[in-house]
Amino acid sequence: MLPSLQESLDGDDKELESSEEGGGGSVEHRRPERPPSSHFCLYAYHGSSLSLVDTNLPSETEPELRSAIAKRVSKGAVFEGLGNVTSVELSLPDSRVGCYYCLFQQDKPLLETATTESVPDPPEYIVCFLGGSEKGLELFRLELDKYIQSLKTNMDGEEGSLEACTKSYLSNWFEAAVCPIERVVHLFQEKLTFLLHAALSYTPVEVQESDEKTKRDINGFLSVASLQGLIHEGTMTSLCMAMTEELHKSVVINCSGPQPQFSNAGSNRFCEDWMQAFLNAAEGGNPFLFRQILENFKLKAIQDTNNLKRFIRQAEMNHYALFKCYLFLKNCGSGDILLKIVKVEHEEMPEAKNVILALEEFMREEALA
């Protein structure tokens, strides 16, 4: 098993383990379980004070949260649309719980143009989501920021309609922002390896015969699993073009039956190993752990890419290093993808290009053997 894969299941991730026990039944039929605490709280923000708009926290607990958030806000640690994550001590079964909180404004009216009368500033609110641990919620901070941004578009801005407009949306934050990765793992099972391979290789994916929620889950998983933002943007664009030209077709996922069916899918040993790590984690019922494993999956892919690039630079000067490149590609489990990534990055470098051509020849001979 890959070292960093093992670290995903041990070590740091112990902080992510929730206190609930995995439910009965097989992995195939077990539904994602909510953590012991999954709450929301919406406050109107008036300068230095907070007034409650809506919450599903127990009445005796909400003032504790309000006090904790007011202290943090008073320190100026909030920016509109950018959430923060902390831990708070509350009178809940978990006592200490992770808390995401974010300041947002309703959009100003379109009629606010160059008029002589000043238009009052739009109302401000602070949303709090509570669940899991601080470390667990931190993994989903960007998703929760997007969730808040979508909340703004759902608000019609009419006085008195805010609570009705937002209650169902806010209470669904955990299912919508945290659980999609877990749902994808339960849906695909062993076929998750095809999805990981598509994400890692920037292969286009087309989802057919699927409801909107499932399609959104799959596309979200692919987005999080890709190396976008971790490798050079130009490399990513070129790699997408190269993969499209090479395959001439997308990976197709047909969701019309009880189990998704794949066409034109690929896999490798690297993705198969990490798929197994996801399935092992599925028995624990902890949705935060899936995201940690996915982050470690990407980290390991980046480490392998950087190692290969270092070996290639060495191979430009001696033949023994070229052999080291070949052994690395052969043993890393993801040589098919890594070689494509470095090939795109070194397209304009003649010395490296010759090394890559030799490695491609080695890999072809290995495949035939």
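Above this text you will find the structure in question.
Residues numbered from 1 in each chain as written. Predicted model: local features only at pLDDT ≥ 70, side-chain atom pairs only at ≥ 80, totals over all residues. Heavy atoms only, no water.

A.B. asks: Before we move on, can you summarise the sheet that holds strand 2 (residues 49–55) with the specific residues and values?
C.D. replies: Read from one edge of the open sheet, 5 strands run 2-1-5-4-3, paired in antiparallel fashion. Both outer strands of the open sheet, strand 2 and strand 3 (84–89), are each paired with one neighbouring strand and no more. Within this sheet the neighbouring strands show an average axis-to-axis angle of 30°, counted without direction. Direction of pairing for strand 1 (residues 38–46) relative to strand 2: antiparallel, over a ladder of 6 bridges. Across the sheet, the residue bridging to C41 is T55, located in strand 2. (Pairing = 2+ DSSP bridges. Helix = DSSP H or I, 4+ residues; strand = E, 2+ residues; numbered from the N terminus. Axes fitted to C-alpha atoms, helices over the stretch in contact; angles between N-to-C directions.)

A.B. asks: Help me get a handle on the packing of helix 9 (residues 212–225) against helix 12 (residues 287–315), residues and values and all.
C.D. replies: Packed helix pairs are specified by the crossing angle of their axes together with the interaxial distance, meaning the distance between the axes. With their axes 9 Å apart at the nearest point, helix 9 and helix 12 run at an angle of 45° to one another. Here helix 9 lies oblique to helix 12, going by the angle between them. Contacts between helix 9 and helix 12 pair F221, V224 and A225 from the former with R291, L294, E295, F297 and K298 from the latter. Taken together, the residues of the contact of helix 9 with helix 12 break down into 5 nonpolar, no polar and 3 charged. (Parallel < 35°, antiparallel > 145°, perpendicular 65-115°, else oblique. Contact = heavy atoms within 4.5 Å. Nonpolar A, V, L, I, M, F, W, Y, C, P; charged D, E, K, R; others polar.)

A.B. asks: Requested: an account of the environment of T86, with residues and values cited.
C.D. replies: With respect to the helices and strands, the residue T86 is situated in strand 3. The spatial distance from the C-alpha of T86 to the C-alpha of V97 is 8.5 Å, given a sequence separation of 11 residues. Among residues more than four places away in sequence, those in contact with T86 are R72, V97, G98, C99, Y101 and E134.

A.B. asks: Outline the sheet that holds strand 7 (residues 251–254), supporting the account with residue identities and numerical values.
C.D. replies: Neighbouring strands of a sheet are bound in pairs by backbone hydrogen bonds; such pairs are parallel or else antiparallel. Spatially, 3 strands are ordered 6-7-8 in an open sheet, and the strand pairing comes out mixed. The two strands at the open ends of the sheet, each matched to only one other strand, are strand 6 (205–208) and strand 8 (261–263). On average, each strand axis in the sheet is inclined to that of its neighbour by 20°, with strand direction left out of account. Where strand 7 meets strand 8, 3 bridges bridge the pair, whose relative direction is antiparallel. Residue I253 lies in a different strand from strand 8, and its bridge partner there is F262.

A.B. asks: How would you summarise the pattern of salt bridges if you had to cite specific residues and measurements?
C.D. replies: This structure, assessed with the given rule, holds 12 salt bridges. As a salt-bridge pair, D217 and R183 come within 2.7 Å of each other at their nearest N and O atoms. Here R183 lies in helix 7 (residues 180–188) and D217 lies in helix 9, a separation of 34 residues in the sequence. Take D217: its relative accessible area is 9%, and that puts it in the buried class. On the accessibility criterion, R183 (16% relative accessible area) is buried. Salt bridges sharing partners connect three or more residues here, namely E143, R291, E295 and K298. (Salt bridge = Lys/Arg side-chain N within 4 Å of Asp/Glu carboxyl O. Buried < 20%, exposed > 50% of the residue type's maximum accessible area, 1.4 Å probe, protein only.)

A.B. asks: How would you explain the pairing of strand 5 (residues 124–131) if you had to name every residue and give the values?
C.D. replies: Taken across its 8 residues, strand 5 has 7 buried, putting it largely inside the fold. Pairing between strand 1 and strand 5: 8 bridges, direction antiparallel. Along strand 5, the bridge assignment pairs L42 with V127. Across 7 bridges, strand 4 (residues 96–105) lies against strand 5 in antiparallel orientation. What sits directly across from L103, in strand 5, is I126.

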